[in-house]
Structures are given as structure tokens and as C-alpha cells.
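In case you want the letters, here they are:
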Amino acid sequence: MAAPDGPLVIGVDSSTQSTKALVVDSATGSVVARGQAPHVVTAEHDSDPEQWWTALTDALEQCGPAAGEAAAIAVAGQQHGLVTLDASGRPVRNALLWNDTRSAPQRARLIDELGGPGAWAERVGSVPPASFTVTKWAWLREHEPAAADATRAVRLPHDYLTGKLTGQEVRGGTTDRGDASGSGWWSTATESYDEEILAHVGLDPALLPRVLAAGEAAGTTRAGLPLPEGILVAAGTGDNMAGALGLGLVPGRPALSLGTSGTVYAVSERRPTDASGIVAGFADAWRGWLPLACTLNCTQAVDRIATLLGLDREAVAPGGEAVVLPFLDGERTPDLPYASGLVHGLRHDTSGGQLLQAAYDGAVFALLRALESVLDDDADPGEPIVLIGGGARGTAWRETVRRLSGRAVRVPVADELVALGAAAQAAGLLLGREPAAVAREWDTTAGPAFEPVERDDAALARLAATLTDADALLRRR
């Protein structure tokens, strides 16, 4: 390993399927070592947190000697998961993950019982979907009361791993405002836990971690790890907040992530309170806000349609007036949980390539509509979209975003942006700086830039009209 220009830091991305670790030169952002290890997720969408810890230590060991020279570490984790620990810090049961929707009935009751969508948005910044942690705790209390009674600490996934690094799994546990804002029991209005919500769901606030201030350390590493003992452990954050850090986002610059699900977000100086439920009003990992919207049907749904048509995913063709709403598994944005995919406007001369392009259009249309709600009213419409995720590498996805948005698009070369964001947080703590500013100096958004093209208003109008006209059909159970 060549001599680094600055102290080494480690960024960890503990996602649903695996944990990745990057050792990064804090002066340049260069990745000097990396490791990755998988997790197992059950058919019920839960997972053993101890697997995450094993995967983290395995990933650190894969980083080799570089990990032993690190001066700070931060963990970013999948949001919303419910981790319940006993008095010894062992999991009471598998963690309930973000994509576990068993708590949908509890979610509906909680919204009704505590004032409706507007009241929730004003208090916690979001109308909680079934992914939010508060709904999962309500489910656990109702369906597994013995597990709830045995719980002595409640953590989010990144909190759990941070506690394992510092040795403070139960006593002295910490979290950050970004990840806490996706729990449903932390108020973005007061920046504190909402005691009325906690009392309503029967959760003692003493079981929750302390929310750290911006730039505050969670502690230092304990002995017995593949890391130096006593190095700084940053607060960590949720994966979406770390992704924003990794991009060094500034207010008004939108990011659009194309993966199995689609996500649009932007940093804001204004606290979001969207009563429609389209925008989750998250805090960011510093002192601002991170309004975010998510669609369920993105790259995987379009790939499925390509397979049905017997086409390569890039085999799109222009023209035609067919409309595809690729809501194969229901949809979150727009809020159509019982919807299925819909095709409208087929003609004898409609080609398979045109139908595939219509599927891309339907997926991107949903994301761009959400983007309108995410951005502040005074945001510059000429600001390029930063396109990330697996789909960003595909020509068909990129060109569809350009055509339907009318905006310039930038595709960063850097990958593992969540882990890079965690590394930027660790570097910020070590250097006494704002993490996003560190990432901007690393130039993490460097990559090909594509100029704007004329927006396809006719396609947008067809999609909007079809969505409106098919509303009753899409809501049918």
C-alpha cells in the first residue's frame, strides 16, 4: 500500500444483503482497501443482527493491514429496522427489516389514533409507512408480547453495529438524528423523542439510544477488533443519509437512485411536513433535512417486462403511444398498495421495443413526479440530476431520465457511495469538519455529464392521463 496523503478512515455500509467496508484516505477520498461479506434474510424479511456483526468483522479483516492503520470509523445502515436486545446485548429475536410489511394494520391504526396524516407529518416529519420502526414495535407488542417484555434496548441497525464497535450495546447506546427521523418516534419539530407516541405504543424512552449532536463521537473502539483499540467511532447514520453525504449534496441538487426500488432526494434547509405521505421528511446526518420519496417498482420491474417481451433491457425503440404503468408489486409513490401493472394504448403497429420504452417511461415518470414534491419551491430547475444506483449505468435509463425531465444528468464514476458517505463522516469527525464538505473535496460526483434535451411533454401528458383515468382499477383489491 502506497503511503496515504492523510489519515485513513473506514466507512461501512451495512445493507439488507451484505456489509461493505472501505478504507479511505481522508485527504483525497481514494479507496485503499475494501471488504464485503453477505447476510441471510429470511422469507419473512427479518434477519439476525449477529450476522451483521460477523459480516462487519469479516469485511474489516478482508481490508488487511490498512484497517489496522485507521484513525476513525463510521457505520451507515439500512433504515427503519427494529433491533431488540436483552440485558446482555443479545438480540431477543431477529430484526424486523424495512421491507417487512406485517405491520401495515398497526400503521393504519396509529395514524388514525394520533390525529391523522397531517398531525403525524407535523410532529415527526412523515406520515409513517409500514416500513417505519414505530409500526414494527406496535406489531411486536401485539403479536409477540413476550419478546417485547424481554427487550431492554431498542436500536436501529446502524446503532447496533456502532454499539458493538464501542462496547456500548445496551448502556450508553447512541444514534444520529438522520436515522432517528425514520423511526416514527423522533420528532423533527422538537428534535427529540416524542413521549406521547412512545407512551401510545408502550415503549419506555429509557430503552432508546441517545441522539448525538452533529459532529459528536459515539465513542472509541473497544479491544479485540480487527481495528486499533481506541480510535474514534462516529455517530453513523442511515443509508440514505450516508448516500447524500457521499455525494456531498448541497440544497437544491437532486439525486435520483435507480435500483430495485427508486429513490429521489435532496438536501434542504427547510423541515419537510408532507401530509400526502409522498415525501418522507427525514433529517440529514448534519443539521439540515433530507426530503425523500421512494417508488417500489424500478429496475427489477422493467427488467421483468423486458423478459416477458423476450428483449434485452437496452432494446428500446422510440415512437408509439403505448403507456405502461409498471406497478407489478403495488406501489408506494403514488400510494397504490394493491395495484398491478397496467398497459394501455396498444396498436397493431406497436413494437416490443416501444412497449419496453413505455415501461421505462412509467417507472421514471413516477420518480420525477415525486421529485417535484422533494425539491423546494425555489430550487433551480436547471440544476443537473445526479443519477446513481445500478440503473444509472444503463443507457436506456439515463436517456429516459433526460427526455422526461428536460434536465442535464451527471453519472458519478464513484460507486459504494453509502460507504463513502460513512467514510466522509468519519473523516469529518477526525478533522473537525462538515462531512459533506469533505466529500465535495473528494469530488465524489465526478463522472460523465449529459446536457439537457427537450422535455417530452406529450409522453408525460399520456402517463398522467392514464394514471388518473385508471385510478379505480389500480386501487381495486
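Small disclaimer: the values here were computed from a predicted structure and weren't measured. (Residues numbered from 1 in each chain as written. Predicted model: local features only at pLDDT ≥ 70, side-chain atom pairs only at ≥ 80, totals over all residues. Heavy atoms only, no water.)

Draft legend 1. Structural context of the domain arrangement of the protein chain. Each assigned domain of the protein chain is listed here: domain 1 (8–235) and domain 2 (248–411 + 447–476). Distance between the C-alpha centres of domain 1 and domain 2: 29 Å. Opposite the 25 residues of domain 1 that make contact, domain 2 presents 18 residues. Roughly 1400 Å² of surface becomes buried between domain 1 and domain 2 when both sides are summed, with 52% attributable to carbon and sulfur atoms. The largest share of the area that domain 1 buries against domain 2 comes from Arg177, Thr188 and Ala214, three residues that together contribute 33% of it. Note that Arg271 is salt-bridged to Glu122, the shortest N-O span being 2.8 Å. On inspection of domain 1 and its partner domain 2, the count reaches 8 residue pairs in polar contact (both at pLDDT 80 or more). Contributions of two or more residues to the side of domain 1 that touches domain 2 are made by helix H3 (117–124) and helix H7 (177–180). (Domains from an automatic or database assignment. Contact = heavy atoms within 4.5 Å. Buried area = accessible area lost by both parts, 1.4 Å probe. Salt bridge = Lys/Arg side-chain N within 4 Å of Asp/Glu carboxyl O. Polar contact = N/O pair within 3.5 Å; in protein donor to acceptor, adjacent residues only side chain to side chain. Helix = DSSP H or I, 4+ residues; strand = E, 2+ residues; numbered from the N terminus.)

Draft legend 2. Local environment of the UniProt feature "domain: Carbohydrate kinase FGGY N-terminal" (unreviewed entry) in the protein chain. Mapped onto the present numbering, the UniProt feature "domain: Carbohydrate kinase FGGY N-terminal" (unreviewed entry) falls on residues 9–246. Helix makes up 33% of residues 9–246 and strand 24%, with an end-to-end C-alpha separation of 14 Å. (UniProt positions renumbered as here; feature names shortened; annotations may be inferred.)

Draft legend 3. A look at the sheet that holds strand E22 (residues 385–388). Spatially, 7 strands are ordered E18-E19-E17-E16-E22-E23-E24 in an open sheet, and the strand pairing comes out mixed. Edge positions in the sheet fall to strand E18 (280–283) and strand E24 (449–450), since each of these pairs with one other strand and no more. Pairing between E18 and strand E19 (residues 289–295): 4 bridges, direction antiparallel. Looking at the pairing, Gly281 lines up with Pro291 of E19. (Pairing = 2+ DSSP bridges.)

Draft legend 4. Seen up close, the UniProt feature "domain: Carbohydrate kinase FGGY C-terminal" (unreviewed entry) in the protein chain. As annotated in UniProt, the feature "domain: Carbohydrate kinase FGGY C-terminal" (unreviewed entry) corresponds to residues 256–427 in the numbering used here. What you have in residues 256–427 is 33% helix and 17% strand, and the ends, taken at the C-alpha atoms, are 25 Å apart.

Draft legend 5. Representation of the environment of Pro334 within the structure. On the secondary structure map, Pro334 appears in the loop between strand E20 (323–325) and strand E21 (342–344). The exposure class assigned to Pro334 is partly exposed, which follows from its relative accessible area of 25%. Note: C-alpha distance between Pro334 and Thr54 (280 residues apart in sequence) is 38 Å. When neighbours within four sequence positions are excluded, Pro334 is seen to be in contact with Phe327, Ala366 and Leu467. (Buried < 20%, exposed > 50% of the residue type's maximum accessible area, 1.4 Å probe, protein only.)

Draft legend 6. Quick peek at the pattern of salt bridges. Counted according to the given criterion, the structure contains 25 salt bridges. The salt bridge partner of Arg102 is Asp46, with a shortest N-O separation of 3.7 Å. Note that Arg102 is positioned in the loop between strand E7 (95–96) and helix H2 (104–113) and Asp46 in strand E4 (residues 46–47), a separation of 56 residues in sequence. For Arg102, a relative accessible area of 29% translates into the label partly exposed. Residue Arg177 is joined to Asp284 by a salt bridge in which the shortest nitrogen-to-oxygen separation is 3.1 Å. Note that Arg177 is positioned in helix H7 and Asp284 in the loop between E18 and E19, a separation of 107 residues in sequence. Across the pair, exposure class does not vary: Arg177 and Asp284 are buried alike.

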